[in-house]
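# Understanding the architecture of this molecule
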Amino acid sequence: MKCAIVILNWNGVKYLEQFLPSVVQHSSHQIIVADNDSSDDSVSFLKKNYPDIQIIQLDQNYGFAEGYNQALKQIDSEYYVLLNSDIEVSENWLENCLVYLDENKEVAACQPKILSFHEKAFFEYAGACGGYLDFLGYPFCRGRIFDHTEEDQGQYDQE
């Protein structure tokens, strides 16, 4: 498979109900939900409402990183998109990234801009517009300085 969109879930049926419709609507690649041994109705919700979505049911809650590691061992794909379950995506959210990766084989990872769910004209605090590490290893992002986020006016539309 060219690209697998992998969503790690743990007791997140409310997020799946709210955000999965946008992922399904705006994605042409395989969507896989890796369930971290949820005790809520997540798996039954997926089976009933999204029978085309592949579900990987993990045997215990492995946490975030190991949950993804356990799931990715079971998926064969050229590219993997690790997508949080509380993300709303928009039209063409992924295609430019995949084209970029195809054309730049030395690049290992990329992401689209991440805008705030509640203030869509502004960058998301946690994601902003790409991330960097300074020489001491402290992270910072274009579009965010400490607790201030910028309005997206196209200033970071370049790679």
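Residues numbered from 1 in each chain as written. Predicted model: local features only at pLDDT ≥ 70, side-chain atom pairs only at ≥ 80, totals over all residues. Heavy atoms only, no water.

Glancing now at the packing of helix α1 (residues 13-25) against helix α2 (residues 42-49). Packing of α1 against α2 brings their axes to within 9 Å, and their N-to-C directions diverge by 30°. Comparing their axes, α2 and α1 come out roughly parallel. The hand of the α1/α2 crossing is right-handed. Contacts from Val13, Leu16, Glu17 and Leu20 of α1 reach α2 at Ser42, Phe45 and Leu46. (Axes fitted to C-alpha atoms, helices over the stretch in contact; angles between N-to-C directions. Helix = DSSP H or I, 4+ residues; strand = E, 2+ residues; numbered from the N terminus. Parallel < 35°, antiparallel > 145°, perpendicular 65-115°, else oblique. Left-handed = near helix turned anticlockwise from the far one by under 90°. Contact = heavy atoms within 4.5 Å.)

Quick look at the packing of aromatic side chains now. Applying the stated criterion to the full structure yields five aromatic pairs. With 5.2 Å between their ring centres and 80° between their planes, Phe64 and Tyr68 make a pair best called edge-to-face. In this pair, Phe64 and Tyr68 are both assigned in helix α3 (residues 64-72), four residues apart and thus about one turn of the helix distant. On the accessibility criterion, Phe64 (55% relative accessible area) is exposed. Among the aromatic side chains, those forming a connected cluster through ring pairs are Tyr15, Phe19 and Phe117. (Phe/Tyr/Trp six-rings, centres within 6.5 Å; stacked < 30°, edge-to-face > 60°. Buried < 20%, exposed > 50% of the residue type's maximum accessible area, 1.4 Å probe, protein only.)

Attention now goes to the nonpolar core. Within the largest apolar cluster, 21 residues are counted, with the highest numbers of intra-cluster contacts made by Ile5, Leu20, Val23 and Leu83. Elements with a contribution of two residues or more to this core: β1 (3-9), α1, β2 (30-35), α2, β4 (79-83) and α4 (95-103). The greatest single-element share of this core, amounting to four residues, is contributed by α1. Apart from residues lying up to four places away in sequence, Leu83 is in contact with Ile5, Val6, Ile7, Leu8, Val23, Tyr68, Val89 and Trp93. Within the second largest apolar cluster, ten residues are counted, among which are Leu8, Leu58, Tyr68 and Ile75. (Core = buried A, V, L, I, M, F, W, Y, C linked by side-chain atoms within 4.5 Å.)

From the geometry alone we can't say anything about function, so treat these as descriptive.
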